[in-house]
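Working through the structure, step by step
This is what each chain is made of:
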Amino acid sequence: MAGHGEEMSPFVMRYGHFVDSRQAVIDEVTAVFMPEKRSYTGLAQAEIFCHGGRQVVTLILQEVLASGARAAEPGEFTRLAFMSGRIDLARAEAVAEIVAANTEHSYSAARDHLLGTYTQHISDIRGKLIGLIAEIEASVDFPEEDISPDEKNTLLESAQQLTAEIDRLMETYRGGKIVNEGYKIAIAGRPNAGKSSLFNQLLKQERALVTPTPGTTRDYLSEWIDLEGFAVNIIDTAGLRKAGGTIEKAGQTSAKKIIADCDLVIWMIDLTQRKWREQLYGDIKMLGHNNIISAQNKIDLVDDVADLKAGSGLPEMVATSCLTGRGIKGLKKVIVQRINEKMPDLTSGVMVTSARHRQKLAAARKALKSARQKIKLDESPELTAFDLRQAASALDEITGKVYNEDILKEIFSRFCIGK
Amino acid sequence: MDYDVIIVGGGHAGVEAALAAVRMGRKAAIVTMDRHKLALMSCNPAIGGIAKSHVVKEVDALGGLMGLAADATGIQFRRLNLSRGAAVWSTRVQADRSHYARFISEYVADIIGVDVIESLAGAILTENGKVAGVRTEDGVTITGKTVIICSGTFLGGLIHIGTKQIKAGRRGEKAAYRLSESLKELGFEVGRLKTGTPPRIDGDSIDFSKCEIQPGHEPIPFFSHRSDRQPFEQTPCYLTYTTDQTKEIVSANQHLSAIFSGQIKSIGPRYCPSIEDKFHRFADKDRHQIFLEPEGNGTNEVYPNGFATSLPEDVQYDAIRTVTGLENVRITQPGYAIEYDYCPAFQVKPSLETRRVRGLFFAGQINGTSGYEEAAGQGLMAGINAVLYIEKEDPFVLDRSQAYIGVMIDDLTTRSTTEPYRLFTSRAEYRLAMREDNARDRLNRFAQKYGLVPEDEYQAFEKLQIQTEEAVRHFKEVRVKVSDLDHRGDRFKKVDSISLEKLLKQPGLTINEALPLIARFNGDIDFTREALERAVISIQYRGYVAKQEREIAKFLKMESEVIPDDFNFASLAGLKQEAKDKFIHFRPGSLGQAGRIEGVTPGDISVLSIHLLRHKRTSK
Ligand SMILES: Cc1cc2nc3c(=O)[nH]c(=O)nc-3n(C[C@H](O)[C@H](O)[C@H](O)COP(=O)(O)OP(=O)(O)OC[C@H]3O[C@@H](n4cnc5c(N)ncnc54)[C@H](O)[C@@H]3O)c2cc1C
Ligand SMILES: Nc1nc2c(ncn2[C@@H]2O[C@H](COP(=O)(O)OP(=O)(O)OP(=O)(O)O)[C@@H](O)[C@H]2O)c(=O)[nH]1
Ligand SMILES: [Mg+2]
């Protein structure tokens, strides 16, 4: 490298050549040095930028490894950053999410975690919880003092509010899950209704085989699309009907499974079928799903759409033509609406996206519930405190922080104590 | 003069240390300024109280003296928190100050046979990094294998009353300045803390009719199973309040207080604020309670608990005379604040032996604590560990799940002192499993192991344990007809009868309600009150204790990840500098302890654990 032997100043990009052990030039590169505590990992770190060819990268890596370096394990940089104390546990997890994030929303949720909005929110809840514990502990540790910790009703109210806050946070997990794991849509319907055609329309490519023969799709097809920033998984399923060959039957069984497991079903109706109205009620009932949109397909072939009202056992209807593309935009709009219904306010930046966090929140919630019960029954305060401390330590497990002293600090700041 | 254990300072810590050493068969001496002031209570004449009483019970279970002395000299006994669960009950005894010190002096010198040397220790003698003895300020050398410093508030003691400053360890007593220098010369870091005390007043000049009477509790809740004192007529305490004028006077003169004038720079305890501090910090509170506690039966002196102050004497007079009932009161001794030296406790190991000088131990106030009970607990541990050190045995360390003593010493050795430390039940994570009633269950085996209690006591306790278990079993078998119950039966309407156990386990049932129920439904058994109480407590807490035991198992796992003494924290790669500094400072002995050091993150602990693993592998 040019300037070999010189001290490199931090954060200054230097230009030079990467040479091998025999001083042969491998590539023109730039490099930068980041000192301890000021790098991503918190350790001293150097980065080398080379040209993008596979061969060059391999040669450089070989050279680096030969001179004693070790390839990082997946996630190791983040682990180091966590271990050096630069980021907390929740933020370390967020990095893992950011790396995996492939849509706008999952990116922004992960970014907010990384920036600590989320951690801050948990800390706020924890702070309130410590306040509640302090009220209760004060009456235990200072029984002779002339202090008036909160009355039963106020305590109950605080506990109730905390529960509600945790509930709200937990509810975001539905949204968080969508953001993180994606939203799953099954396209279902009777054979030949146009399911595969819709699938292709949404994908904007001819992915599924489309024929005029009913029963064309025998297994299922799954693809991901980006719908206004949401990662959406659409699945084209085999047509559902009563009789059929064995393969089709297998296809139908898998279709039923997919339907049971998805967030939303788009039920395709073939408007050219004379009896579609009569069939619809039974079909929807058979689906047994709580989130359905019905696409009245092949609108281009019929003159009028019967005016069927949603509600009374029928889902919302959207008239479409997978041939002309009419109604597809409207259908997408309805889908996004349905997703948004489950999303928390994304601008607040507070959303639970990890199953581990959800589990800890649930534990905190459970402990709070038990504490509320105890307050109600006038049980001894040290028992209530026991539950509340469990709730606090569940929250601590999200951000990884445990301080015993916090409670006393709170008591002394709230109450005038001391004989 | 040559001893196994030399104790400098015959306060609450020193006395227990000497006693333990002698019980373990060693020759011990207490070097102290005044042989008649052994375990003299410097401040309020009371032993026990929240969390402190747990320590008294623990000291008692380990053969210590404090509980017995309080029982013998108490004039009023109370059990705080009785309406709460047994885990937070706390015995508090109002003791006769001079009788207490006399009782202890006689016990220590005459019954136990500790040499009490009346002198002021000025220097710690060492040889090759080991302690060798002490030299008194008048030049006498006393040699010993171990030395325990229990110097209380006397190290560099400086009293403040308004702008007046007096070098003293306690009012009217000398301070120990040379010893403090000696510690610094040995390389110890010495810090400064502050505490304060109220004026003493003449009981004859108090109008008690304006105060609220606070009688003792019956039956008298004695501390020690060893005491044989019979029920007696208790002396009441009184409660009164400051008035608007008090607030006015104190606030107007606040600037004259040594605390506010800047004369005192060290930190005092948040839980023991001076009266000027109370009006200042909680300005919206108009009055504060003052407990009037008699100093003893043979004296008229009264201790106005809650009125600690370092205001000038004339202001103290004006202010206290505005307290209801004290309008014509006479002050017999002014209140004062005192600053003193202490050695931040990162310098001692969990055994209380110093890291710097082998065989030298610190106990009590010198470790940054405050309170007689805290001192006694440490003194006892230091005494035992001094003997174990001589015998080259492993030290005796109680962990956070075994005793409040363990919680205290662990707190002291893993966090920086920001104020004089005292115990609270909220400091004990496993508080439901560490109660007054089961102190002996928790500690008896150690008492026996180290020979701290006579064998017959041990056997008597086993009998009590068996009785407790029998009572528990019995409660399960006895059936109670729901129709025989008052409102307590409401919850059991669906059944004809329930077990007595179930009845006793009802939430919110206090012991005072439980005992009559037992008497009523359990007529034919004849267990002692103590056994019955223990049985009720054990069934009421069983579920929680089981839960805590699971937590304790997790905790113990981390405690058992031992960090060797020679572990080199400085060389650990991947650890941030702050964490390294903290580890080097506190030298944690286990992964669990490392995790409790303030400011250490879970991340630091995972780095440390990786290095520990590697260390273990390579050193095998
Ligand atoms: C003014 C004041 C107010 C206090 N207020 C409170 C309070 O509100 N609440 C509370 O819990 N605690 C309070 N305390 C603290 C309490 O008194 C101590 O925590 C407790 O007594 C400490 O016990 P100890 O055994 O460490 O030392 P001490 O009881 O102080 O005993 C020390 C003994 O060592 C002797 N000694 C010291 N140095 C030497 C030496 N060099 N040579 C020979 N002998 C020596 C002394 O003569 C004394 O007998 C107060 C203390 C004072 C002085
Ligand atoms: N005119 C018109 N024809 C359509 C429309 N949608 C689908 N078709 C035709 O209907 C036939 C069946 O379409 P597919 O998309 O294969 O139907 P499917 O529901 O996937 O059928 P199976 O997989 O066999 O169950 C094809 O010939 C399509 O071209 C539409 O909106 N208008
Ligand atoms: Mg198809």
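Residues numbered from 1 in each chain as written. Chains lettered and ligands numbered in written order. Predicted model: local features only at pLDDT ≥ 70, side-chain atom pairs only at ≥ 80, totals over all residues. Heavy atoms only, no water.

1. Observations concerning helix H5 (residues 178-185) of chain B
Residues and elements named next belong to chain B. Here is the rule we go by: Each residue's exposure class comes from its accessible area (1.4 Å probe, protein chains only) as a fraction of the maximum for that residue type: buried when under 20%, exposed when over 50%, partly exposed otherwise. Strands are runs of DSSP state E lasting at least 2 residues, helices are runs of H or I lasting at least 4, and numbering of each runs from the N terminus. Directions pointing from the helix axis toward each C-beta atom define the arc. We call two residues contacting when some pair of their heavy atoms lies within 4.5 Å.
Taken together, the buried positions of H5 are occupied by Leu-179, Ser-180, Ser-182 and Leu-183. Relative to the axis of H5, the buried residues are bounded by an arc of 160° and lie together on one face. Each element contacted by the buried residues of H5 is listed here: strand E1 (2-8), strand E7 (121-127), strand E9 (141-149), strand E19 (336-342) and strand E20 (360-362). Immediately beyond the C-terminal end of H5, within one or two residues, lies Gly-187, with a positive phi of roughly 100°.

2. Focus on the site of ligand 1
All names here are of chain B. Note the following rule: A single heavy atom is enough: if one lies within 4 Å of a molecule or strand, its residue is considered near that molecule or strand. In protein, a polar contact means a hydrogen-donor-capable atom and an acceptor-capable atom, both N or O and within 3.5 Å, with residues adjacent in sequence counting only if both atoms are side-chain atoms; elsewhere, any N or O pair within 3.5 Å suffices. Each accessible area value is a Shrake-Rupley result obtained with a 1.4 Å probe; residue values ignore everything except the protein chains displayed when judging cover. Where each domain begins and ends is defined by an automated method or by a domain database.
The full set close to ligand 1 counts 34 residues, and Gly-9, Ala-13, Ala-121, Gln-365 and Gly-371 are the nearest of them. His-12 has a polar backbone atom sitting 3.0 Å from an oxygen atom of ligand 1. In this structure, an oxygen atom belonging to ligand 1 sits 2.8 Å away from a main-chain N or O atom of Ala-13. The fraction of the free accessible surface of ligand 1 (990 Å²) that becomes covered by protein chains is 97%. Elements that contribute at least two residues to the shell around ligand 1 include exactly helix H1 (12-23), strand E2 (28-32), strand E12 (191-197), E19 and helix H9 (372-390). Of the domains in this structure, domain 1 (2-197 + 340-428) and domain 2 (200-338) are the two that each give at least three residues to the shell around ligand 1.

3. A word on the domain arrangement of chain B
Residues and elements named next belong to chain B. We apply this condition: Once two parts are put together, the accessible area they lose, assessed with a 1.4 Å probe and summed over both, is termed the buried area. Should a side-chain nitrogen of Lys or Arg be within 4 Å of a carboxyl oxygen of Asp or Glu, the pair is scored as a salt bridge.
The domain architecture assigned to chain B consists of domain 1 (2-197 + 340-428), domain 2 (200-338), domain 3 (465-547) and domain 4 (561-619). On the side of domain 2, 51 residues touch domain 1, which itself brings 58 residues to the contact. Regarding the contact of domain 1 and domain 2, the summed buried area is about 4700 Å², with carbon and sulfur atoms giving 53% of it. The largest per-residue losses of area from domain 1 upon contact with domain 2 belong to Ile-75, Lys-194 and Thr-197, which jointly make up 17% of the total buried on that side. Summed over the shared surface of domain 1 and domain 2, the result is five salt bridges. With a closest N to O distance of 2.7 Å, Arg-270 and Glu-419 form a salt bridge.

4. A closer look at the coordination of the magnesium ion (ligand 3)
Each pair of donors in an ideal octahedron of six around a metal sits at 90 or 180 degrees, and each pair in an ideal tetrahedron of four sits at 109.5 degrees. Residue and element names in this part refer to chain A. Test applied: A donor here means any N, O or S atom no more than 2.8 Å from the metal (3.2 Å for Na, K and Ca); water is not included, so a site may seem to lack partners.
Taken together, Ser-196 (OG) and Thr-217 (OG1) make up the protein donors of the magnesium ion (ligand 3), found 2.0 to 2.1 Å from the metal. Within this pair, whereas Ser-196 is found in helix H7 (residues 195-203), its partner Thr-217 is found in the loop between H7 and strand E5 (221-227), the two being separated by 21 residues in sequence. Assessed through its relative accessible area of 8%, Ser-196 is described here as buried. Given a relative accessible area of 17%, Thr-217 falls into the buried group.

5. What about the site of ligand 2?
Residues and elements named next belong to chain A. Lining the immediate surroundings of ligand 2 are 23 residues, of which Gly-194, Ser-197, Gly-215, Thr-216 and Cys-322 lie closest. Gly-194 is positioned with one of its backbone polar atoms (N or O) 2.8 Å from an oxygen atom of ligand 2. Lys-195 places a main-chain nitrogen or oxygen 2.9 Å from an oxygen atom of ligand 2. With the chains in place, 90% of the 650 Å² that ligand 2 exposes on its own is no longer accessible. Here the element with the most residues in the shell around ligand 2 is H7; it accounts for three residues.

6. Some details on the sheet that holds strand E13 (residues 200-202) of chain B
Residue and element names in this part refer to chain B. What counts is decided by this rule: At least two bridges found by DSSP between two strands are what make those strands a pair. Note on definitions: angles span 0 to 180 degrees between N-to-C directions of axes, and those axes are lines fitted to C-alpha atoms, for helices only across the stretch in contact.
Pairing is antiparallel in the open sheet, where six strands are placed in the order E14-E15-E16-E17-E13-E18. Either end of the sheet is taken by a strand with one partner, and the two such strands are strand E14 (212-214) and strand E18 (331-333). Across the sheet, the mean angle separating the axes of adjacent strands is 35° when strand polarity is ignored.

7. A few points about the pairing of E2 of chain B
All names here are of chain B. Under the convention used in this document: When the strands point away from the viewer and the path from the first strand over the helix to the second turns clockwise, the crossover is right-handed.
Most of E2 is tucked away: five of the five residues are buried. Note that E1 and E2 share four bridges and pair parallel. Each bridged residue has a counterpart across the sheet, and for Ile-6 the counterpart in E2 is Ala-29. For the handedness criterion, the β-α-β arrangement of E1, H1 and E2 is classed as right-handed. As paired elements, E2 and strand E6 (residues 115-118) share four bridges and run parallel to each other. Note that in E6 the partner of Ile-30 across the bridge is Val-116.

8. Brief notes about the confidence of the model for chain A
To keep things clear, this is the line we draw: The score called pLDDT rates the predictor's confidence residue by residue, from a low of 0 to a high of 100.
Confidence in the prediction of chain A, expressed as mean pLDDT, is 82, and 80% of residues score 70 or more. Between the elements of chain A, mean pLDDT differs from a low of 60, seen in helix H13 (residues 405-414) of chain A, to a high of 95, seen in strand E7 (residues 264-270) of chain A.

9. Focus: unusual backbone geometry
Residues and elements named next belong to chain B. Backbone torsion omega between Glu-218 and Pro-219 reads -5°, so that peptide bond is classified as cis. In this fold, Pro-219 is placed in the loop between E14 and strand E15 (237-241). The phi dihedral of Lys-392 falls on the positive side, at around 55°, and the residue is not glycine. On the basis of relative accessible area, Lys-392 is assigned to the exposed category, the value being 77%.

10. Quick look at the packing of helix H12 (residues 381-399) of chain A against helix H15 (residues 529-559) of chain B
Threshold: These descriptions rest on fixed angle ranges, namely under 35 degrees for roughly parallel, over 145 for roughly antiparallel, 65 to 115 for roughly perpendicular, and the rest for oblique. Crossing chirality is assigned from the near helix's rotation relative to the far helix, an anticlockwise turn below a right angle marking it left-handed and a clockwise turn marking it right-handed. Note that Gly is not counted as nonpolar here; it falls among the polar residues with everything else outside the nonpolar set of Ala, Val, Leu, Ile, Met, Phe, Trp, Tyr, Cys and Pro and the charged set of Asp, Glu, Lys and Arg.
Following both chains from N to C, one finds H12 of chain A and H15 of chain B inclined at 30°, their axes separated by 12 Å at the closest point. In this view, H12 of chain A runs roughly parallel relative to H15 of chain B, as classed from their interaxial angle. For the element pair H12 of chain A and H15 of chain B, the recorded crossing hand is left-handed. Here Glu-382, Leu-383, Phe-386 and Gln-390 of chain A of H12 of chain A come into contact with H15 of chain B, specifically with Tyr-541, Tyr-544, Lys-547, Gln-548 and Glu-551 of chain B. By residue class, the composition of the contact of H12 of chain A with H15 of chain B is four nonpolar, two polar and three charged.

11. Things to note about the packing of helix H11 (residues 439-449) of chain B against helix H12 (residues 455-477) of chain B
All names here are of chain B. The contact between H11 and H12 brings their axes to 11 Å, and the two run at 150°. Compared by their axis directions, H11 and H12 come out roughly antiparallel. In this structure, H11 crosses over H12, and the sense of that crossing is left-handed. Here Arg-440, Asp-441, Asn-444 and Gln-448 of H11 lie close against H12, whose contacting residues are Glu-455, Tyr-458, Phe-461, Leu-464 and Gln-465.

12. Concerning the environment of Ser-393 of chain A
All names here are of chain A. Of note, Ser-393 is situated in helix H12. For Ser-393, a relative accessible area of 33% puts it in the partly exposed group. Taking C-alpha positions, Ser-393 is 9.6 Å from Ala-363, a pair spaced 30 residues apart along the chain.

13. Points about the side chain of Ser-499 of chain B
All names here are of chain B. Mapped onto the elements of the fold, Ser-499 is located in strand E22 (residues 497-499). On the basis of relative accessibility, which here comes to 9%, the residue Ser-499 falls in the buried class. The contact partners of Ser-499, leaving out residues within four places of it in the chain, are Phe-475, Lys-476, Val-478 and Arg-479.

14. Quick notes on the environment of Thr-141 of chain B
Mapped onto the fold, Thr-141 of chain B is located in strand E9. Residue contacts for Thr-141 of chain B: discarding those within four places in its chain leaves Leu-125, Val-134 and Arg-135 of chain B.

15. Considering the sheet that holds strand E1 (residues 14-19) of chain A
Residue and element names in this part refer to chain A. An order of E1-E2-E3 is seen for the three strands of this open sheet, with the pairing classed as antiparallel. Of all the strands in the sheet, just E1 and strand E3 (45-49) have a single pairing partner and so form its edges. With direction set aside, neighbouring strand axes in the sheet form an average angle of 40°. Across five bridges, strand E2 (residues 25-34) lies against E3 in antiparallel orientation. What sits directly across from Val-32, in E3, is Glu-47.

16. A short note on the pattern of salt bridges
Taken as a whole and assessed by the stated rule, the structure comprises 48 salt bridges over all chains. Arg-126 of chain A is paired through a salt bridge with Asp-396 of chain A; the nearest N and O atoms lie 2.4 Å apart. With Arg-126 of chain A in helix H5 (residues 117-141) and Asp-396 of chain A in helix H12, this pair connects stretches of sequence that are 270 residues apart. For the pair shown, Arg-126 of chain A and Asp-396 of chain A are each scored as buried. Note that Arg-26 of chain B and Glu-391 of chain B form a salt bridge whose closest N and O atoms lie 3.1 Å from each other. Of this pair, Arg-26 of chain B sits in the loop between H1 and E2 while Glu-391 of chain B sits in the loop between H9 and helix H10 (404-414); the two residues are 365 residues apart in sequence, bridging distant segments of the chain. Taken together, the salt bridges that share partners define one network made up of Arg-400, Asp-410, Asp-411, Glu-429, Glu-559 and Arg-596 of chain B.

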